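Residue strings, one per chain:
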Amino acid sequence: MWAYESVFYQIYPLGACGAPFENDGKTEKRLKKLDTYVPHLKKLGVKGVLFNPLFDSDTHGYNTRDYRKVDVRLGDNADFKKLVDKLHKAGIKVILDAVFNHVGRGFWGFTDVLEKREGSEYKDWFHINFGGNNGYNDGLWYEGWEGNFDLVKLNLQNPAVTDYLIDTVRYWIDTFDIDGLRLDVAYCLDQNFIRRLRYESSQMKEDFFLMGEMIGGDYRNICGEGLCDSATNYECYKGLFSSMNSYNLFEITHSLLRQFGPENWTLYRGMHLWSFVDNHDVTRVSSILANPEHIKPIYALMFGMPGIPSIYYGSEWGFKADKSQGDPALRPMFDKPLWNELTDYIKGCVSAFQSSKALQYGAFKSLVLQNKACVWERETDDDRVLVACNIDGAPFTAHFDARAGQAVDLITGEMIDFGGGLEIPPNTAYILKPQ
């Protein structure tokens, strides 16, 4: 699977393009703003881009009105096809955010129900009680996602609904030539629907990639044979920043050993979960870290642990935003992508991951573990990498059997000597390939 060997870049188009929050119905070709990201992504070296929702919606994209029409605030379908073509030409695959659990109140099937009530042919597309009412005083009750009545839950037990969604994926592949999907709130989706989507999409396009959003629980509920290829690894997302802020690398290391360690009981060994330090739903990593010096080490650990690394737009140059400021603060427009020392470092991490079979497919083992320092080993039959980290303000010397005298840091290209132990400077991480 190409995605297992790729670093992804995530963009929230409605925010990145500066679209108004409410859908004003006015067509404006804002998608052209994303053209400036194509050379930026090529320079970073990423192999895939994830676009959060960009189809016609009421407000933020997750309340869809029309799955087959690019939001007028961004432009039209032809504009998006041009962008995908540019990305493909640059060697970058494209996956879309598929919001298949619920729609917006402006979705054409739901507006038909509001108008025709029991006479609507779409009444069974949703979970409706015509004898009830809701906060919008529609004179009927319907199930909203997690109690949010602006998000109308679809009835995925209805074959007409699932046929429509599968046909929508076919439309996206035929029209835009997309390469995969992120399934929004995949933990809410019927597993039979995921299985059908897996089968059908694989018939439409070989190596079509499916990644599902999981906040907690057992990732195997949506990920594995006949299901998604990947799931969001929120456990290790939390473990990364929490380990930094509490100066306790036991947390992230034990999470990784629980998930991918050498014992037979480990949960997800051989799976490729989606790794991230932030995204469109959470506080930016530069804002959540108590010590700004930990920004490079947290990225190195994220790229060094098992999984598919993802970078959220703006965070590669250190943009700050807190979830408490509201979701729009996490999803801003930039005049153009920026580049600084942090971006250079992350570019090195991207190169390290995409050049190393050990990082892409290797087993996980802990060699050294202290509160403020750790050394992990990632190994395949023919490749081996050591991920070493020190989050203390003082140097740390790690003693372990490196099975080599020196190594090259795949992030910077620097040669590191193991004589007398591995000395790791303060707030530093390495991804080392023994020589």
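Worth saying up front: this structure is predicted, and the values here are computed from it rather than measured.

1. Brief notes about empty space enclosed by the protein
Unoccupied space between atoms shows up once a probe the size of one water molecule is rolled over them.
Piece 1. Considering all chains together, one arrives at 2 cavities of 30 Å³ or more under this definition.
Piece 2. The space that makes up the largest cavity amounts to roughly 70 Å³.
Piece 3. Q10, L50, R182, M211, E213, T232, Y234, W274, F276, N279 and H280 are the residues that line the largest cavity.
Piece 4. A per-class count over the lining of the largest cavity returns 5 nonpolar, 4 polar and 2 charged.
Piece 5. Lining the second largest cavity we find P53, L54, F55, G61, T64, Y67, D97, A98, V99 and W172.
Piece 6. The set of elements that each furnish at least two residues to the lining of the second largest cavity consists of β4 (64–70) and β5 (93–98).

2. Some words on the UniProt feature "domain: Glycosyl hydrolase family 13 catalytic" (unreviewed entry) in the chain
Piece 1. In the UniProt entry, the feature "domain: Glycosyl hydrolase family 13 catalytic" (unreviewed entry) is given for residues 10–353.
Piece 2. Along residues 10–353, the helical share is 35% and the strand share 16%, with 17 Å between the first and last C-alpha atoms.

3. Regarding the pairing of β4
Piece 1. Pairing geometry for strand β3 (residues 55–57) and β4, over 3 bridges, is antiparallel. Across the sheet, residue F55 finds its bridge partner in β4, namely V70.
Piece 2. In this antiparallel pair of consecutive strands, β3 and β4, the connection spans 6 residues, and G61 shows a positive phi of 100 degrees.

4. Overview of the layout of surface pockets
Piece 1. Estimates place the volume of the largest pocket at around 280 Å³.
Piece 2. Lining of the largest pocket is provided by 15 residues; of these, Y62, W145, D184, D281 and R331 occupy positions nearest its centre.
Piece 3. Partitioning the lining of the largest pocket into residue classes produces 5 nonpolar, 3 polar and 7 charged.
Piece 4. Reported here for the second largest pocket is a volume of approximately 210 Å³.
Piece 5. Around the second largest pocket, the lining residues are Y12, L14, G15, A19, P20, F21, T59, H60, R73, D327, P328 and R331.
Piece 6. Listed by contribution, the elements that provide at least two residues to the lining of the second largest pocket are α1 (13–16) and α11 (327–330).
Piece 7. For the lining of the second largest pocket, the per-class residue count stands at 6 nonpolar, 3 polar and 3 charged.

5. Quick look at the side chain of R73
Piece 1. By secondary structure assignment, the location of R73 is in the loop between β4 and α3 (77–89).
Piece 2. In terms of polar contacts, R73 uses its side chain to reach the side chain of D71, at 2.8 Å.

6. Quick look at the pattern of salt bridges
Any two side chains of opposite charge can pair if their charged atoms end up close together.
Piece 1. For the coordinates displayed, the defined rule picks out 33 salt bridges.
Piece 2. Its salt-bridge partner being D383, residue K433 comes within 2.5 Å of it at the nearest N-O pair. Of this pair, K433 sits in strand β23 (residues 428–434) while D383 sits in the loop between β17 (373–379) and β18 (384–390); the two residues are 50 residues apart in sequence, bridging distant segments of the chain.

7. Looking at the nonpolar core
Piece 1. In this structure, F51, F80, F100, L181 and F303 are the most contacted members of the largest nonpolar core, which totals 135 residues.
Piece 2. Considering every element that reaches this core, the biggest residue donor is helix α5 (residues 159–176), with 8 residues.
Piece 3. Here this core gathers at least three residues from each of two domains, domain 1 (2–361) and domain 2 (363–434).
Piece 4. Membership of the second largest hydrophobic core comes to 15 residues, among which are A373, V375, A398 and L432.

8. A look at the sheet that holds strand β16 (residues 363–369)
Piece 1. Taken in spatial order, the 6 strands of this open sheet run β16-β17-β18-β23-β20-β21, and their pairing is antiparallel. At either end of the open sheet lies a strand with only one pairing partner, and these are β16 and β21 (415–417). Mean inter-strand twist for the sheet, computed between neighbouring axes without regard to direction, equals 30 degrees.
Piece 2. Note that β16 and β17 share 6 bridges and pair antiparallel. Looking at β17, one finds that L369 is bridged to C374.
Piece 3. Here helix α8 (residues 250–260) sits on the sheet and contacts β16 and β17; the angle it forms with β16, its principal contact strand, is near 150 degrees.
Piece 4. Strands β17, β18 and β23 of the sheet are contacted by helix α10 (residues 295–304), whose axis makes an angle of about 35 degrees with β23.

9. A closer look at the domain arrangement of the chain
Piece 1. For the chain, the assigned domains are domain 1 (2–361) and domain 2 (363–434).
Piece 2. Computed over C-alpha atoms, the centres of domain 1 and domain 2 are 32 Å apart.
Piece 3. On the side of domain 2, 25 residues touch domain 1, which itself brings 33 residues to the contact.
Piece 4. Buried area between domain 1 and domain 2, summed over both chains or domains, comes out near 2500 Å², and the portion from carbon and sulfur atoms is 72%.
Piece 5. When residues of domain 1 are sorted by the area they lose upon contact with domain 2, Y247, L249 and A358 head the list and together hold 23% of the total.
Piece 6. The interface formed by domain 1 and domain 2 includes 0 salt bridges.
Piece 7. Counting the contacts that link domain 1 with domain 2 gives 13 residue pairs in polar contact (both at pLDDT 80 or more).

10. Comments concerning the pairing of strand β1 (residues 8–11)
Piece 1. Side chains F8 and Q10 of β1 all project onto a buried face; the interleaved residues Y9 and I11 project onto the opposite face, where all are buried too.
Piece 2. Direction of pairing for β1 relative to strand β15 (residues 308–312): parallel, over a ladder of 3 bridges. Counterpart to Y9 in the pairing with β15 is I311.

11. Remarks on the environment of G362
Piece 1. As for its placement among the helices and strands, G362 is situated in the loop between α13 (357–361) and β16.
Piece 2. Setting aside anything within four residues of it in sequence, one finds G362 in contact with K357, R378, E379 and T380.

Quick notes on the rules
- Residues numbered from 1 in each chain as written.
- Predicted model: local features only at pLDDT ≥ 70, side-chain atom pairs only at ≥ 80, totals over all residues.
- Heavy atoms only, no water.
- 1 Å grid on protein atoms, 1.4 Å probe; cavity = no way out; pocket = protein on both sides within 12 Å on 5 of 7 lines; lining within 4 Å.
- Points joined across faces, edges and corners; volume = space filled by probe spheres on them.
- Nonpolar A, V, L, I, M, F, W, Y, C, P; charged D, E, K, R; others polar.
- Helix = DSSP H or I, 4+ residues; strand = E, 2+ residues; numbered from the N terminus.
- UniProt positions renumbered as here; feature names shortened; annotations may be inferred.
- Pairing = 2+ DSSP bridges.
- Polar contact = N/O pair within 3.5 Å; in protein donor to acceptor, adjacent residues only side chain to side chain.
- Salt bridge = Lys/Arg side-chain N within 4 Å of Asp/Glu carboxyl O.
- Core = buried A, V, L, I, M, F, W, Y, C linked by side-chain atoms within 4.5 Å.
- Buried < 20%, exposed > 50% of the residue type's maximum accessible area, 1.4 Å probe, protein only.
- Domains from an automatic or database assignment.
- Axes fitted to C-alpha atoms, helices over the stretch in contact; angles between N-to-C directions.
- Contact = heavy atoms within 4.5 Å.
- Buried area = accessible area lost by both parts, 1.4 Å probe.

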